[in-house]
Amino acid sequence: MKSGYFPGCTLKTNAKHFEDSAMQVMEVLGHPLEEMENWICCGTVFSMTTDDLMLQLASIRNLLRAENQGYDELITLCSMCYNTLKRAKEFILNDEENLRKVNDFMYKEDSKFKGTTDVVHLLSILKDRITFEEIKNKVTKPLTDLKIGAYYGCLLVRPKELAIDDFEDPTIMEELVDTLGGEGVVFPYRLECCGAYQTIIEKDVTVKRTYEIINSARNAGCEALITSCPLCAFNLDQRQKETSEEFLEFSTMPVFYFTELMAIALGLKWNKDWKKLHYIDPVPLLKEKGLI
Amino acid sequence: MPKNVPMVKVYILGEGFDVPEGSTIISALEYAGFQLTVGVGCREGFCGACATLYREKGDYKLQAGLACQTVVTDGMNIAQIPFVPAEKPIYDINKLDPDIEAFKTIYPILFRCVGCNTCTKICPQDIEVMDYVQALIRGDIAKAADLSFDCIRCGLCALRCPAEIVQYNAAILARRLTGKYLLPNSPDLEARVKEIAEGLYEKKLQKLTKSDTETIKKQYYDRDIKTV
């Protein structure tokens, strides 16, 4: 089984700390991530327009290049890349005519797309391949007394065909938090949409979502959120600026990528550069809990 | 020209002409009587001025290439592209950083790339155009500069792009930023520029500008080309 790592554009820019922490964590867990070569944008969002195959080309080209590089599976960290690549693959493979048309656009590639590379999210690898028991054995700095809300959003669990866990009541991320010695808190709005790309054209929509989601987490006792989606992270973290301006009684909450907390629990050094990519400073909370 | 050279028929802007077999498109155009003032430059495949669309006999495909590098075939249909009026934003390189922000501001259109690879397919320089666009999208400016190094700015990529990206202009920004900020400074280059600014070639240049055409031609052809 040869596994490739598919970063996606945001993990090389605004979510560099997601990639850095994941790379280090996987090294410690004995499954280092190997970045595939010549990857391109995943396609950004799965297009449900069934007759515009142009919007599927990026996803399929990535999967084809992974096939040609001999990868049996591609591991993604970003929920959006996971969702887009996986859905594009199913959509194209399930229709012979789509497959033929898309392959007509695979010029300059070494072969035609066959669909032999699987798309897997890192959380599934952690749970099914490495196992949480194994991770628990490697925890050196448990997240004691830290109450974490796992924010799934849409892309890890919908549509249900590609859900990495139960699509209505997932527990994988809460289990991970428990594994790390923290307390995974289930809160009502953990599967709600963060407002997604409304953040660009209707900023107020996402500000309201952020207000509701973070309040929901706060009321359930959460002290911080974790996510695996850079777009959710942007809306829930960066938009707390506008949320604080709009709702005066709002109190802020740090938002982490789950791998950042894994890195801490596995005894890795907290990287000061990661802080720069957070809007709400997570350092006071981490210090309060004696984690850094 | 030697006698009895076999001829082929080409169609220039729809009109048929007999031209010698083995001609490049540029020489075929001139043989047919066109006097080229635009769409021609170095004739050596370096300047990128002669982007040309053509279609071969019996083929449905519109192809593209450099007129000085593409040999005519019998029945070829030819139309030159004199100029690509692509967007060329003005920016101050001193006020930019070599990161994704520069491209988000100056060439936001890059982010529309869908990875169709049409640009790579048409590039007469065999550059991986789509891959350098993708490198820019994720802020890898040095990689984009490297991948686009052989670009001769013919503009064919931009003409064919379904996302209306101006690849070749974005690429030159990537190379400028890389040259200015990411590559190590060359002390030799700085010393050379200083020498020239202080008038190292002034006398020779004065002499050259006063020479007649024949002398200049002779000097050009007799020049000593150093190979490394």
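Criteria and cut-off values
- Residues numbered from 1 in each chain as written.
- Chains lettered and ligands numbered in written order.
- Predicted model: local features only at pLDDT ≥ 70, side-chain atom pairs only at ≥ 80, totals over all residues.
- Helix = DSSP H or I, 4+ residues; strand = E, 2+ residues; numbered from the N terminus.
- Buried ≥ 20, exposed ≤ 12 C-beta atoms within 10 Å, placed from the backbone.
- Contact = placed C-beta atoms within 7 Å.
- Pairing = 2+ DSSP bridges.
- Axes fitted to C-alpha atoms, helices over the stretch in contact; angles between N-to-C directions.
- pLDDT = per-residue confidence, 0-100.
- Domains from an automatic or database assignment.
- Nonpolar A, V, L, I, M, F, W, Y, C, P; charged D, E, K, R; others polar.
- Core = buried A, V, L, I, M, F, W, Y, C linked by C-beta atoms within 7 Å.

Asks: What exactly am I supposed to notice about the overall build of chain B here?
Replies: When helices and strands are tallied, chain B shows ten helices and five strands. Once the C-alpha set of chain B is aligned to its principal axes, its extents read approximately 60 × 55 × 30 Å. Relative to its 228 residues, chain B shows a buried fraction of 32%. Summarising the internal contacts of chain B: among those between residues at least 6 apart in sequence, 58% fall at separations of at least 24.

Asks: Hey, could you run me through the sheet that holds strand β3 (residues 118-121) of chain A in this one?
Replies: Each strand in a sheet pairs with another by means of backbone hydrogen bonds, the pair being arranged parallel or else antiparallel. All names here are of chain A. Spatial ordering of the open sheet is given by β1-β2-β3, a layout of three strands whose pairing is parallel. Taken across any chain shown, the strands that pair with only one partner, and hence form the sheet edges, are β1 (3-6) and β3. Strand-to-strand twist in this sheet, taken as the mean axis angle between neighbours without regard to direction, amounts to 35 degrees. Both strand β2 (residues 73-76) and β3 contribute to a ladder of four bridges, which runs parallel. Across the sheet, residue Glu73 finds its bridge partner in β3, namely Asp118. Across the sheet, helix α3 (residues 79-93) lies against β1, β2 and β3, angled at about 155 degrees from β3, the strand it touches most. Across the sheet, helix α5 (residues 122-130) touches β2 and β3, and the angle it forms with β3 is around 80 degrees.

Asks: Would you mind showing me how to read the pairing of strand β2 (residues 15-20) of chain B here?
Replies: When a strand is regular, its side chains alternate between the sheet's two faces. Residue and element names in this part refer to chain B. The pairing of strand β1 (residues 7-12) with β2 spans six bridges and is antiparallel. Each bridged residue has a counterpart across the sheet, and for Lys9 the counterpart in β2 is Asp18. The antiparallel pairing of β1 with β2 creates a hairpin that spans two residues between the two strands, and Leu13 there sits at a positive phi of about 50 degrees.

Asks: Honestly, unusual backbone geometry in this entry has me stumped. Any pointers?
Replies: Most peptide bonds take the trans configuration, and most residues that are not glycine carry a negative phi. The omega angle of the peptide bond from Arg158 of chain A to Pro159 of chain A is -5 degrees, so this bond is cis rather than trans. Positive phi, normally seen in glycine, also occurs at Asn117 of chain B, with a value near 75 degrees. Structurally, the position occupied by Asn117 of chain B is in the loop between α2 (100-106) and α3 (118-122). Residue classification places Asn117 of chain B among the buried residues on the basis of 22 C-beta atoms within 10 Å. Not every positive phi belongs to a glycine, and Asp126 of chain B is a case in point at roughly 55 degrees. With respect to the element layout, Asp126 of chain B can be found in the loop between α3 and α4 (129-137). Residue Asp126 of chain B is classed as exposed on the basis of its 9 C-beta neighbours within 10 Å.

Asks: Would you explain the confidence of the model for chain B in this entry?
Replies: Do not read the predicted coordinates in detail wherever pLDDT is low. In the predicted model, chain B carries a mean pLDDT of 95, and the fraction of residues at 70 or more is 99%. Scored as a complex, the prediction yields pTM 0.89 and ipTM 0.87.

Asks: Mind showing me how you'd approach the domain arrangement of chain A here?
Replies: Interface extent is often summarised as the accessible area lost during association of the parts. Residues and elements named next belong to chain A. Segmenting chain A into domains produces domain 1 (3-122) and domain 2 (139-288). Here domain 1 and domain 2 have C-alpha centroids that lie 25 Å from each other. On the domain 2 side, the residues contacting the 21 residues of domain 1 number 20 residues. Elements supplying a minimum of two residues to the side of domain 1 that touches domain 2: α1 (16-28) and α3. Of all the elements, α1 adds the most residues to the side of domain 1 that touches domain 2, at nine residues. Split into classes, the residues belonging to the side of domain 1 that touches domain 2 amount to nine nonpolar, eight polar and four charged.

Asks: Just to check I follow, could you spell out the pairing of strand β3 (residues 51-55) of chain B for this structure?
Replies: All names here are of chain B. Of the strand pairs in this sheet, β3 and strand β4 (residues 63-66) are connected by four bridges, and their pairing is antiparallel. Looking across to β4, one finds that Tyr54 is bridged to Gln63. Of the pairings in the sheet, the one linking β3 to strand β5 (residues 76-80) comprises four bridges and is antiparallel in character. Its bridge partner being in β5, Leu53 is matched across the sheet by Ala79.

Asks: In this structure, what is going on with the domain arrangement of chain B? I would like to understand it.
Replies: Residue and element names in this part refer to chain B. In terms of domain boundaries, chain B breaks down into domain 1 (7-80), domain 2 (93-182) and domain 3 (187-221). When each unit is reduced to the centre of its C-alpha atoms, the spacing between domain 1 and domain 2 is 28 Å. Contact with domain 1, which involves eight residues of that partner, is made by seven residues of domain 2. For the side of domain 1 that touches domain 2, the per-class residue count stands at five nonpolar, three polar and no charged.

Asks: Honestly, the nonpolar core in this entry has me stumped. Any pointers?
Replies: Soluble, globular proteins show a tendency: their nonpolar side chains are buried together. Counting residues in hydrophobic clusters, the biggest one holds 143 residues, and the most contacted among them are Ile226 of chain A together with Leu136 of chain B. Excluding residues within four positions of it along the chain, Ile226 of chain A makes contact with Ile148, Ala150, Tyr151, Met173, Phe256, Tyr257, Phe258 and Leu261 of chain A.

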